[in-house]
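Examination of the molecular architecture
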2 protein chains.
Amino acid sequence: MAGGAHGPKHLRALTEIVLDALEDAVPARGGPLPAGGPEAVAVSTRALCSPVLPEEGVGPEVALADVVRAVAEGAADPADPACVAHLHCPPLAVAVAADLAGAALNPSMDSWDQAPAAGVIEELTTAALARLVHPAAPDPDALITSGGTESNLVALLLAREGASPGALRVVTGANAHHSVHRAAWMLGLPAPVVVACRDGRIDPAALDRALTALAGAPLLVVATAGTTDEGRIDPLPEIAGSAARHGARLHVDAAYGGPLLFSEHLAPRLAGLERADTVTFDLHKLGWQPVAAGVLAVADAATLAPLALRTDYLNADDDTEAGLPDLLGRSIRTTRRPDALKMAVTFRALGRRGLGALVEHCVRTAHGFGRAVDDHPALRRRPGDIGISTVLFRPAAADALPGEQGDAVVAAVRRTLLAEGRAVLGRAVADDGDGPARLWLKATLLHPNAATADLLPLLDLVTTAADRAARGISAAEGTGAPATERLSP
Amino acid sequence: MAGGAHGPKHLRALTEIVLDALEDAVPARGGPLPAGGPEAVAVSTRALCSPVLPEEGVGPEVALADVVRAVAEGAADPADPACVAHLHCPPLAVAVAADLAGAALNPSMDSWDQAPAAGVIEELTTAALARLVHPAAPDPDALITSGGTESNLVALLLAREGASPGALRVVTGANAHHSVHRAAWMLGLPAPVVVACRDGRIDPAALDRALTALAGAPLLVVATAGTTDEGRIDPLPEIAGSAARHGARLHVDAAYGGPLLFSEHLAPRLAGLERADTVTFDLHKLGWQPVAAGVLAVADAATLAPLALRTDYLNADDDTEAGLPDLLGRSIRTTRRPDALKMAVTFRALGRRGLGALVEHCVRTAHGFGRAVDDHPALRRRPGDIGISTVLFRPAAADALPGEQGDAVVAAVRRTLLAEGRAVLGRAVADDGDGPARLWLKATLLHPNAATADLLPLLDLVTTAADRAARGISAAEGTGAPATERLSP
């Protein structure tokens, strides 16, 4: 066991095995991800991990060494500057170490008698986050969630319960995360009304028209502060004004952009966020926490009333009256990890300024990377501003081919670099300025200390792979052979 | 950062601080939980952790030492044999160590390019679990969830989507976990129909009548294998037969009882489970994993089809065609921790027999504890069998008082022992044999190596506290003073 008087000693011996395996894996992997593609990774992982449930065990030391070696050699490591596909951050060592304490003690956040101090730490952490997001609200609050998807789900659930009479209608942008649509589906709500975007941001006039057309129904507007594809921030002041005029509740999905609030310099980009009733905020993106570190901030704690729940074994009335804190209404989950613990340690370690500096570093790096793309003769950056820390770009070799073939080159570049274990780039479909939608390579820069120079090797990797892909696609076009080779060798 | 070439070195230094703090906390706490009740814990926790988000940070070493000290000294440690309130297990050191690797590498389970090997490990793990639950099914499958609550939610969601035409009606026992009702509410379904229980188990005749009354509607029966209050297992063969006769889908919440399957000796108690369409299975209860370690097993992989989702940035059609595994339809979450990693390491380390032996130990300890209660002149065990590893009992001092006053003694005993930092006992309302429902003390025995003898001090703690509480309540009754004192000093 990890707890009790002898737990830390056992754990010390076993964490040594884990740390050794992690250390050895970096040179063994030799890049941001393993080479060979899905089939090769499956073969080497199975060799170390099968059968996963043997009849007789191999013992903790051997099992740890083998399985951790497999997962580490086969990882896409976001701490490698060439791993930039997603809102997938390299976690800070201090946050990971704090998480170890949470796992060892295993408090469960659904009742005081499973989490006496952990509950207090969660309360302090959510209070600080609530104040950060809604500094002027009289009684703001925040919940810890498993991520942006759960935060959006709870936001829609709270809006549904607050809406009466009649079924809630959700109105969101074409740029919204898929979890908004999924939440409406799960909750039995009508499909969200989708409003057109310009340059990846909600068009306020289109929003206003949509809200007018739905007059009479209870309404929830869902805006985004940091879109997944482009890092775009919706025009929050105009949206908040429009929502207020139409009596609509406002939710902002700031899973990506929320941490801009840590930086005095960048926080003004989120002006208007404080007018949202509910805000998704995520610290496993621009917050360098290991997953999960989701947050839902609410302007008014009373908004959370629909989550109240009483059950004799966790929060009986007489226990609550006698002073035992009631934690059950703080989540749609029951048993919960103490995810606030790693946030609290990170906050205390870095302070608001330290976190703000890391966010500024990512934004600055993205602009440096964007300029390097602009300066590169064989690459083209998507027209327009860089969204937070996301840069979209295309090889010129893709532009030289007709629409679908050009997009196939972009997709092939990404897959080739994945299969070769050289880079983990993302992809996004987005307008080409005033032109039609195209497929772009996406670099989501969340690395808290990689310099722009560390990212530059990506550019030549892309152009080299693009030239090969374009030649292959042109040749296949001539022969009728399939244009998209399989990833695995 | 925890990853990259230098990550393990940083992490090694910081985990030392964590392990030292965990080690020092055990004697400092001096028991299964801190003494003093909620207010005292809040004061000492705040002293070490406030402000949680300072303007300037204190550095990782100081932050870790302080906050981990706070959470550890203020923990209710399930590794202490006197911490038996809930389905709240002491995690195995091997599982906690494995979890450290997951946090350091931070794979996110929503796309291959964030989790190349972790995805394979999840696939191996869910395949093994699927086969364990549904050994004879041609194509079983399983998902990793955040716990029993999410598993039950997804089970109801899948049933809702599989039900047409008409709205799904859920039929469950009065013994079902609150998450079944909450899931129906979240999903916009009618409130579940509740069927009477006998001795904490669904009465099959009552179930049959309820299903007959709902004829024509799409139906889902939710049974429980291991109730939270009593560890009772519903009569699964009769329930499966009844569901089949009525064309109802069957879900079994085996969050507690599922791991009996690891033991050849105990598995027969779950006969009929293999006839369920969906099964909640939880390894952060009788599986000694740190939270979260939930599972939803399905008899037929096709059942999962409603979760399918396509989004260009995570699983574009051309990427999937090119061989990149599509992981997005494996959860209602998007970003996900690699919770299968710690399960896989634990399974490999212990094997099925090793896990089965730990489950058997808990069941055996509970029976030993139950006999000790039976032999104790000042205690009375709830009439009937022990459910899995849960023992309900009352002090005779409570029985000596009229109904409500007796229950108040039971509640006061629990709170007194919590406030004094001596024991973490649970509570449950349950029938007293053929008599009326009463409040009982609950011991949920999940400790994988505590002997019955280690648990015996609990008995005298209870009787001593009960005598005091009974005297206090009798005296208060005489004076009209409130019977329930506050917990905090």
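Residues numbered from 1 in each chain as written. Chains lettered and ligands numbered in written order. Predicted model: local features only at pLDDT ≥ 70, side-chain atom pairs only at ≥ 80, totals over all residues. Heavy atoms only, no water.

1. Side note on the interface of chain A and chain B
- Counting residues at the interface gives 162 residues for chain A and 162 residues for chain B.
- Here chain A and chain B share an interface that buries about 13700 Å² over both sides, 64% of which is from carbon and sulfur atoms.
- The three residues of chain A that bury the most area against chain B are A:M1, A:Y313 and A:R348, which together make up 7% of that side's buried surface.
- Between chain A and chain B we count 30 salt bridges in total.
- Where B:E123 meets A:R46, a salt bridge forms, and the shortest distance between an N and an O atom there is 4.0 Å.
- One can count 74 residue pairs in polar contact (both at pLDDT 80 or more) joining chain A with chain B.
- Considering every element that reaches the side of chain A that touches chain B, the biggest residue donor is helix α1 (residues 7–29) of chain A, with 14 residues.
- Broken down by class, the residue content of the side of chain A that touches chain B amounts to 93 nonpolar, 34 polar and 35 charged. (Contact = heavy atoms within 4.5 Å. Buried area = accessible area lost by both parts, 1.4 Å probe. Salt bridge = Lys/Arg side-chain N within 4 Å of Asp/Glu carboxyl O. Polar contact = N/O pair within 3.5 Å; in protein donor to acceptor, adjacent residues only side chain to side chain. Helix = DSSP H or I, 4+ residues; strand = E, 2+ residues; numbered from the N terminus. Nonpolar A, V, L, I, M, F, W, Y, C, P; charged D, E, K, R; others polar.)

2. Notes on the pattern of salt bridges
- Scanning the model with the defined rule gives 84 salt bridges over all chains in all.
- With its nearest N and O atoms 2.8 Å apart, the salt bridge here joins A:D399 to A:R394.
- Residue classification places A:D399 among the partly exposed residues on the basis of a relative accessible area of 29%.
- A salt bridge links B:E161 to B:R160; the nearest nitrogen and oxygen atoms lie 2.9 Å apart.
- B:R160 sits in the buried class, given a relative accessible area of 13%.
- Several salt bridges converge on common partners, so that one network encompasses A:D99, A:R337, A:D339, A:K342, B:D99, B:R337, B:D339 and B:K342. (Buried < 20%, exposed > 50% of the residue type's maximum accessible area, 1.4 Å probe, protein only.)

3. With respect to the UniProt feature "modified residue: N6-(pyridoxal phosphate)lysine" (unreviewed entry) in chain A
- According to UniProt, the feature "modified residue: N6-(pyridoxal phosphate)lysine" (unreviewed entry) maps to A:K285 in the numbering used here.
- Looking at the secondary structure, you find A:K285 in the loop between β8 (278–282) and β9 (294–298).
- Note on A:K285: relative accessible area 9%, which makes it buried.
- Here A:K285 is in contact with A:L87, A:C89, A:A255, A:Y256, A:L446 and B:T335, once residues within four sequence places are set aside.
- Engagement of the side chain of A:K285 in a polar contact is seen with the side chain of A:D282, the distance being 2.7 Å. (UniProt positions renumbered as here; feature names shortened; annotations may be inferred.)

4. A word on the domain arrangement of chain A
Residues and elements named next belong to chain A.
- What the domain assignment lists for chain A is domain 1 (7–75), domain 2 (108–337) and domain 3 (353–473).
- On a C-alpha basis, the centres of domain 1 and domain 3 stand 32 Å from each other.
- In this assembly, seven residues from domain 1 lie in contact with eight residues from domain 3.
- Taken over both partners, the interface formed by domain 1 and domain 3 buries close to 420 Å², and the fraction arising from carbon and sulfur atoms is 66%.
- It is P32, L33 and A35 that lose the most area in domain 1 upon contact with domain 3, and together they represent 77% of the buried surface on that side.
- Taken together, domain 1 and domain 3 are joined by zero salt bridges.
- At the boundary of domain 1 with domain 3, the tally comes to one residue pair in polar contact (both at pLDDT 80 or more). (Domains from an automatic or database assignment.)

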